[in-house]
Every structure is written in structure tokens, then in C-alpha cells.
Amino acid sequence: HRDPLYQGSGKQDKNQQAYYSEPCTLTTTQTGQEMETTMSKQLMILPASDANSIRLLQLPDDFESHEAYRHVTALIATVQEQQPDCSTNDILATLEDHGFEPVEFILGPALP
């Protein structure tokens, strides 16, 4: 069983991670209204082959980007080992339990 959040066989390549740590303005949609929020937290994109399964997480303050990447990889692998039929929600719940907070986002059109 493969979960769309974990792509690979124990190895991840550089194209499967993304972080943003500079202050920026992020426009999100909540209850139909757009809100601008200045962000200075580190963010991690969890890519997936299905666009609806892509997730954006805010990293805990006490993690450097390379540590967070390793930790998230280990957490996903642990959930998959303990629950072979786990769902994306099972993995996200474990990540939240470890301080990785989901961030709502709008997925834009693909670039050429």
C-alpha cells in the first residue's frame, strides 16, 4: 500500500521537498473571504501525484529544515509500518501530534 504523501522507497530526492522560510504574504481562503497573512515560519510542501492530496505544513519552531525533512520522513514511515492500510488522515494526525501544523492554501495552475 502506498500513501500519496510518501513517494519513494526510503529515499527522497531533492525534487520531493520544498521549504519557505523568508517572510512573505500568503493569501488564503477561509469561509469565502481572502485574508492576507504575513508569514515568517518555515513551511514544508508534501507533494503527491494527486493534486488533491498535496499538503502544506508549518514546521515547529525548534526544527531546522533538514531535521524537519528527516523527522517527517521517519514519522510517515513509522505510521505506514504500524498501519499498513493507513490513510492520509492517519499520517496527518501523527504529524500534527508532533507539532507540524497544516496550512490551508490555494493550488494555482501548473507552470509550463
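In this report, we go over the structure that sits alongside the text. In this text the structure is predicted, and so the values were computed from the model without any measurement. (Residues numbered from 1 in each chain as written. Predicted model: local features only at pLDDT ≥ 70, side-chain atom pairs only at ≥ 80, totals over all residues. Heavy atoms only, no water.)

**Section: the pattern of salt bridges**
Inclusion rule: When a carboxyl oxygen of Asp or Glu is within 4 Å of a side-chain nitrogen of Lys or Arg, the pair counts as a salt bridge. By the criteria applied, helices consist of DSSP H or I runs no shorter than four residues and strands consist of E runs no shorter than two, each listed in order from the N terminus.
One pass over the full model with this rule turns up one salt bridge. The salt bridge involving lysine 41 is made with aspartate 61; its shortest N-O contact spans 2.8 Å. Placement of the pair is lysine 41 in the loop between strand 3 (33-39) and strand 4 (43-46) and aspartate 61 in the loop between strand 5 (55-58) and helix 1 (65-82), with a sequence separation of 20 residues.

**Quick word on the side chain of threonine 94**
Heads up, the rule is: Think of it in three bands: with a 1.4 Å probe and only protein chains considered, a residue is buried below 20% of the maximum accessible area for its type, exposed above 50%, and partly exposed in between. The contact rule is simple, with two residues in contact once any of their heavy atoms fall within 4.5 Å.
Tracing the backbone shows threonine 94 in helix 2 (residues 88-97). On the basis of relative accessible area, threonine 94 is assigned to the buried category, the value being 18%. Residues contacting threonine 94, with those up to four places away along its chain left out, are Leu75 and Val79.

**Regarding helix 2**
An α-helix turns once every 3.6 residues. As a result, residues three or four positions apart point the same way. Where we set the bar: The reported arc concerns the directions from the helix axis to the C-beta atoms and nothing else.
All buried positions along helix 2 are accounted for by Thr88, Ile91, Leu92, Thr94 and Leu95. End-on view of helix 2: buried residues confined to an arc of 160 degrees, all on one side of the axis. In helix 2, those exposed residues whose orientation departs by more than 90 degrees from the buried face are Asn89 and Asp97. If you follow the buried residues of helix 2, they end up packed against strand 4, strand 5 and helix 1. Just past helix 2, the residue glycine 99 takes up positive phi, approximately 90 degrees.

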